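Breakdown of the fold
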Amino acid sequence: MDSLLPCAAGARLVDHHCHGVLAADLDRAGFEERLTEAAEVGPLGTTLFDSSIGLAVLRWCAPVLDLPPHCAPDEYVRRRRSLGAAEVNRAFLVASGIDDFLVDAGIWPDGFADPASWTGRSFDVVRLEALAEDVVVAGARGFPDRVRAALAARDAVAAKSIAAYRVGLDLDPARPSDGEVEAAARRWLGSGSSRCADEVLSRFLVWEAVDRGLPVQFHVGYGDSDVDLHRCDPLLLTPLLRATRSRGVPILLLHNYPFHRHAGYLAQVFPHVFADLGLATHAVGHQASRVLAEALEVVPFGKFLFSTDAFALAELYYLGALLFRRALSDFLVDGLRRGAFTESDAERVCHLVGGGNARRAYRLD
Amino acid sequence: MDSLLPCAAGARLVDHHCHGVLAADLDRAGFEERLTEAAEVGPLGTTLFDSSIGLAVLRWCAPVLDLPPHCAPDEYVRRRRSLGAAEVNRAFLVASGIDDFLVDAGIWPDGFADPASWTGRSFDVVRLEALAEDVVVAGARGFPDRVRAALAARDAVAAKSIAAYRVGLDLDPARPSDGEVEAAARRWLGSGSSRCADEVLSRFLVWEAVDRGLPVQFHVGYGDSDVDLHRCDPLLLTPLLRATRSRGVPILLLHNYPFHRHAGYLAQVFPHVFADLGLATHAVGHQASRVLAEALEVVPFGKFLFSTDAFALAELYYLGALLFRRALSDFLVDGLRRGAFTESDAERVCHLVGGGNARRAYRLD
Amino acid sequence: MDSLLPCAAGARLVDHHCHGVLAADLDRAGFEERLTEAAEVGPLGTTLFDSSIGLAVLRWCAPVLDLPPHCAPDEYVRRRRSLGAAEVNRAFLVASGIDDFLVDAGIWPDGFADPASWTGRSFDVVRLEALAEDVVVAGARGFPDRVRAALAARDAVAAKSIAAYRVGLDLDPARPSDGEVEAAARRWLGSGSSRCADEVLSRFLVWEAVDRGLPVQFHVGYGDSDVDLHRCDPLLLTPLLRATRSRGVPILLLHNYPFHRHAGYLAQVFPHVFADLGLATHAVGHQASRVLAEALEVVPFGKFLFSTDAFALAELYYLGALLFRRALSDFLVDGLRRGAFTESDAERVCHLVGGGNARRAYRLD
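Residues numbered from 1 in each chain as written. Chains lettered and ligands numbered in written order. Predicted model: local features only at pLDDT ≥ 70, side-chain atom pairs only at ≥ 80, totals over all residues. Heavy atoms only, no water.

Each helix and strand counted, chain A has 16 helices and 10 strands in total. Against the 2.2 N^0.38 benchmark of 21 Å for 365 residues, chain A shows a C-alpha radius of gyration of 20 Å, consistent with a compact globule. Overall size of chain A, expressed as C-alpha extent along the three principal axes, is 60 × 50 × 40 Å. In chain A, of all internal contacts separated by at least 6 residues, the share reaching a separation of at least 24 is 73%. Here chain A displays about 11,500 Å² of accessible surface, and carbon together with sulfur accounts for 49% of that area. In chain A, which carries 38 positive and 48 negative side-chain charges, the distance between the mean positions of the two groups comes to 4 Å. (Helix = DSSP H or I, 4+ residues; strand = E, 2+ residues; numbered from the N terminus. Rg over C-alpha atoms; globule rule 2.2 N^0.38 Å. Contact = heavy atoms within 4.5 Å. Areas by Shrake-Rupley, 256 points an atom, 1.4 Å probe, with all protein chains shown as cover. Lys, Arg positive; Asp, Glu negative; His and termini not counted. Charge placed at Lys NZ, Arg CZ, Asp CG, Glu CD.)

It is worth spelling out the pairing of strand β6 (residues 158–161) of chain A at this point. Residues and elements named next belong to chain A. Burial along β6 is two-sided: the residues Ala158 and Lys160 and Ala159 and Ser161 are all buried. For strand β5 (residues 121–127) and β6, the ladder comprises three bridges, and the chain directions are parallel. Looking at the pairing, Arg127 lines up with Lys160 of β6. Pairing geometry for β6 and strand β7 (residues 216–220), over three bridges, is parallel. Paired with Ala159 across the bridge in β7 is Val216. (Buried < 20%, exposed > 50% of the residue type's maximum accessible area, 1.4 Å probe, protein only. Pairing = 2+ DSSP bridges.)

Further remarks concern the pattern of salt bridges. A side chain of one charge can pair with a side chain of the opposite charge if their charged atoms are brought near each other. What the rule picks out here adds up to 99 salt bridges over all chains. With its nearest N and O atoms 3.3 Å apart, the salt bridge here joins Glu40(C) to Arg245(B). Of the two residues, Glu40(C) is situated in the loop between α2 (28–33) and α3 (52–61) and Arg245(B) in the loop between α11 (238–244) and β8 (251–255); the pairing between them involves two chains. A salt bridge links Arg348(B) to Asp50(C); the nearest nitrogen and oxygen atoms lie 2.6 Å apart. One end of the pair, Arg348(B), is in helix α16 (residues 343–362); the other, Asp50(C), is in the loop between α2 and α3, on a second chain. Accessibility expressed as a relative area gives 32% for Arg348(B), which makes it partly exposed. (Salt bridge = Lys/Arg side-chain N within 4 Å of Asp/Glu carboxyl O.)

It is worth spelling out the side chain of Arg80(A) at this point. Within the secondary structure layout, Arg80(A) lies in helix α4 (residues 73–83). Apart from the residues within four sequence positions on either side, Arg80(A) is in contact with Asp25(A), Leu26(A), Phe31(A), Leu65(A), Val88(A), Leu313(A), Ala314(A) and Glu315(A).

This brings us to the relation of the copies chain C and chain B. For these two chains of identical sequence, chain C goes onto chain B by a turn of 120° and a shift of 0.0 Å along the axis, with RMSD 0.0 Å. One copy is carried onto the other by what is essentially a three-fold rotation axis. Among all residues of chain C, the minimum C-alpha distance to the rotation axis is found for Arg290(C), at 5.5 Å. Different-surface contact between copies: only 5% of interface residues of chain C are shared with the interface of chain B. (Least-squares fit on C-alpha atoms with pLDDT ≥ 70 in both.)

This part covers the sheet that holds strand β7 (residues 216–220) of chain C. Sheets are built from strands that pair by backbone hydrogen bonding, the pairs being arranged parallel or antiparallel. Taken in spatial order, the eight strands line up as β1-β3-β5-β6-β7-β8-β9-β10 (chain C) in an open sheet, and their pairing is parallel. The sheet is open, and its two edges are formed by β1 (13–18) and β10 (304–305) of chain C, each paired on a single side.

A separate point is helix α5 (residues 85–96) of chain B. All names here are of chain B. In a regular helix each residue adds 1.5 Å, so 12 residues correspond to 16 Å; α5 covers 16 Å between its end C-alpha atoms and thus fits that length. Tucked inside the fold, the buried residues of α5 contact β1 (13–18), β2 (21–22), α3 (52–61), α4 (73–83), β3 (98–104) and α15 (314–337). At the exit of α5 stands Gly97, carrying a positive phi of roughly 70°. (Expected span 1.5 Å × (residues − 1).)

Glancing now at the environment of Gly221(C). All names here are of chain C. Secondary-structure assignment places Gly221 in the loop between β7 and α11 (238–244). Accessibility expressed as a relative area gives 0% for Gly221, which makes it buried. Separated by 166 residues in the primary sequence, Gly221 and Leu55 place their C-alpha atoms 24 Å from one another. Sequence-distant contacts of Gly221, defined by excluding residues within four places in its chain, comprise Val227, Leu229, Cys232, Tyr257 and Phe259.

A separate point is the interface of chain C and chain B. Chain C puts 40 residues into the contact, and the matching count from chain B is 38 residues. The junction of chain C with chain B conceals about 3,300 Å² of combined surface from both sides, 56% of it contributed by carbon and sulfur atoms. When residues of chain C are sorted by the area they lose upon contact with chain B, Leu44(C), Asp50(C) and His286(C) head the list and together hold 22% of the total. Across the chain C-chain B interface, the total number found is six salt bridges. Here Asp330(C) ties to Arg338(B) by a salt bridge, and the two come within 3.0 Å at their closest N and O atoms. Between the two partners, chain C and chain B, sit 22 residue pairs in polar contact (both at pLDDT 80 or more). Split into classes, the residues belonging to the side of chain C that touches chain B amount to 15 nonpolar, 14 polar and 11 charged. (Buried area = accessible area lost by both parts, 1.4 Å probe. Polar contact = N/O pair within 3.5 Å; in protein donor to acceptor, adjacent residues only side chain to side chain. Nonpolar A, V, L, I, M, F, W, Y, C, P; charged D, E, K, R; others polar.)

Between chain A and chain C, which share one sequence, the superposing operator has a rotation angle of 120° and an axial displacement of 0.0 Å; the RMSD is 0.0 Å. In this assembly the copies use different faces: only 5% of the residues contributing to the interface of chain A also contribute to that of chain C.

Attention shifts here to the UniProt feature "domain: Amidohydrolase-related" (unreviewed entry) in chain A. Taken from the UniProt record, the annotation "domain: Amidohydrolase-related" (unreviewed entry) applies to residues 72–364 of chain A. The distance from the first to the last C-alpha atom of residues 72–364 of chain A is 41 Å, and the span holds 50% helix and 12% strand. (UniProt positions renumbered as here; feature names shortened; annotations may be inferred.)

This brings us to the packing of aromatic side chains. Enumeration according to the criterion identifies 36 aromatic pairs over all chains in this entry. Measuring from centroid to centroid gives 6.0 Å for Tyr222(A) and Tyr265(C), while their planes differ by 80°, and the two rings are edge-to-face. With one member in each of two chains, Tyr222(A) in the loop between β7 and α11 (238–244) and Tyr265(C) in helix α12 (residues 260–269) form a pair that bridges those chains. For the pair shown, Tyr222(A) and Tyr265(C) are each scored as buried. Centre to centre, the rings of Phe31(C) and Tyr76(C) are 5.7 Å apart; their planes meet at 55°, and the pair counts as tilted. With Phe31(C) in helix α2 and Tyr76(C) in helix α4 (residues 73–83), this residue pair connects regions lying 45 residues apart in the sequence. (Phe/Tyr/Trp six-rings, centres within 6.5 Å; stacked < 30°, edge-to-face > 60°.)

We now examine the sheet that holds β6(A). Residues and elements named next belong to chain A. Reading across from one edge, β1-β3-β5-β6-β7-β8-β9-β10 is the order of the eight strands in this open sheet, with parallel pairing throughout. A single partner strand is all that each edge strand has here, and the edge strands are β1 (13–18) and β10 (304–305). Its contacts with the sheet place helix α10 (residues 199–211) against β6 and β7, and it is angled at close to 145° to β7. Packed onto the sheet, helix α15 (residues 314–337) meets β1 and β3 (98–104) and runs at close to 125° relative to β1. (Axes fitted to C-alpha atoms, helices over the stretch in contact; angles between N-to-C directions.)

In this section: the interface of chain A and chain C. One frequently used descriptor of interface size is the decrease in accessible area upon assembly of the parts. In this complex, chain A contributes 40 residues to the contact, which on the side of chain C involves 38 residues. Summed over both sides, the interface between chain A and chain C buries roughly 3,300 Å², with carbon and sulfur atoms accounting for 56% of that surface. Taken together, chain A and chain C are joined by six salt bridges. Put simply, chain A and chain C have 21 residue pairs in polar contact (both at pLDDT 80 or more) between them. Listed by contribution, the elements that provide at least two residues to the side of chain A that touches chain C are α3 (52–61), α14 (288–295) and α15 of chain A. Broken down by class, the residue content of the side of chain A that touches chain C amounts to 15 nonpolar, 14 polar and 11 charged.

Below, the structure is given as structure tokens:
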């Protein structure tokens, strides 16, 4: 880390979007399955260690477990098991240098732990579709008010929409009436599905969060094969962003890859929009510098955030933070080399992006 | 500038698309509002000086006003006011090294001045929708012929379409009949809106320009929050480009970010299509080199143009030119370093892109 | 080549998608017309030698013909003619270092030759639409079974779909019934067109190939002006990829530029999907390194392939291979410089991408 700018190397980070940590031990297949957005290792490919993220684990995570860098995949998985999940998780979370975690607990399998169990503070992010799925079982009549009550009862700092996964981001900007919402809930209950996958409900949930002044995070772009990525371009949110602009409630575009330039544009032209590069930052491994630089082209530095989007593997918190530090340092060093700004500018940008913007947007302090 | 290739540093430029210069003094809020495509500084963000373009102003514009590079924003705005808009505008326009300005006067608030007031020649670009808005007030009957007469009466070197802002770029390629155009004008007048925002009229206007042999500029991509960016991908113009191909009249795709690779592709496969990177070149500040290199991947060097798309702030002409010179120099130096072409090739590419292509496409000489 | 990593410089390549070589001599216009995806040199542009690919020919191909690098275009074309097409073709194909060619013979003008005529092995790729065009002349009744018989009679290692050119990639994932296919064939015959351009038929052909276990190549992205590029984003294939996933038959996304990041994503999340950067690798000339690096961001290294997509000009095999070697070397050297992986990792990635993945996906050995 000695070639990193000190402000990037030492920044205490706010991870404004992440998930739980798996507290169970994993064999090699189980580890590989959680390493990328692929559901499993396929016989047509080779090991998923043959990928940017896989090589990054062997290079940068191995030393945290007292292995030499670039160890063999089997050696890595064996060491991980011998240390045990508790020790592995502690080591990576402490090494990540993250102070605050905003945790989306929408998917929380048995054996998941809060990343703040080992270090830092935890803040609750309520996944809107999961809340609706809990609430709808009591019936369609009164569903809107029960959603409101459930939101009010939850001490969350933000809401999270997975409309991208369920209906795409081409949401009608109009706030639906309670009658329309009840009708949608009735259709849903009649469908027999437990999944909230209705455009009326997705935007109802977003509007309810906005009404409560809850910052709304949107899954955008990169995800697993359940997503229709061409329906997840953040530009599709433009009408809704226009409609919510006057409310002054932050809308936060998550991940965004490969549409990160689109997200940067939206964060520039809409005063309430923010963007990040979570998930992609660790997924692209040692190539994070170019991708982050693209993401930072037109976004004002007061509108960009750090996140890991880490799920299950503690390595992903560590790598998400490490590769973000390196990429941000590379971006700043390049600007300094070109004389584009001063060291004090670089430190301010680092402070904003690493945590200041998140603290302001979510009013964490 | 001493690390720039001499051919890039010294090129006399043709700015083939720009706007007027504000002749009034500005306070800090007024300056920031005109710095990016954001309409205003929002309370959720920080100052817009915390952006690539903001830091570029402090770094490269300050010395033109006899301030040290990297001065404080307040100091910059104060100095600007104390010098007065007339002196500030003269200083930046002269320093830009631009010889010819093709000026879109479609938006021309009180107190706007022609950038060629201080240096160089000015050429008129007629904004088609503005012309239609002037003409339609006399009624729908005869509207097509009155548009023709108005176009004929204007001594313009090019037409400009803002279909992107009004109806998107997914234009039907068919030339509408005068009857269809009159019907559309009638609908427009009945709507009570003064804005020309009808797909039939947008393509009618384009076809009229093409009929007169007037090169047609299209706003593409990056703009303010009025634009639906996902409807502004230049690829949506493909059917119209096919339909106009045999006419041999240049079609010029402006800005294009973040779809600049798409524009380069169109400029390669359609003999009458040209592309630029205006607006984005200064918006991305010190990162212009990578973005310009992407824009130059597949576009033939005889089909790419320089422009600033500067509006209101004289700084944007200067930065647009300076950052273009630096980015073009970086592109050429990288090619020379790789042995991909010779210095004489680099000089020829610089000459074409800096002005030769514009002179040929618009028959300026 | 001395700055290339030895593993990249010396790799014996499998070109998993290419076309025939023109065995006739060319004048300058004929050469330029085949150099890019432009159909001809237009009077509004300059020579197509003023492009990344044009300068690459003068730089890297000239020495293969015993000319100095950076010779003049006319000198290059004259030398080419004086040597004769047979000698020129032999020189470039041998110098390419390609061992195996998967040849799409769907367009095969008089005077075309198999690239393996001079070196290496040739494998047949059946172009599905061309096969359908041959078969349909016998009538709509029985068309599905005649397609099956024609596919069975062909000793091909893969099928190729040009749905992108004919109907776009937004294919319905449902396998059509024989009745639907016969109805579509009837409509086609009634239309008087000889071109297979029907969405039902495009997906029928793909499903037939999948049923036979034939890997299916899709034209994606970059092509000539016949293509509607906005209908060729590989993400549009998502529903069909989901529907074919359980079959375990490779789907290979060709070219992909400027959607190469989208293709990499699909190759990560679908176990049967592969991607390449053919055509674009030589089209962008000395800039291939950045584009290839982007293509390799999230794709597992077991899922990316080399191809040239070379058509007509033997130079394109040579440049496709040379620029691929340089770009892959730059990618690997950058990773080594950052300490992201070891030399043995670099060698393994080179081996997979250069040929190992193709040998496994097509079962070539």
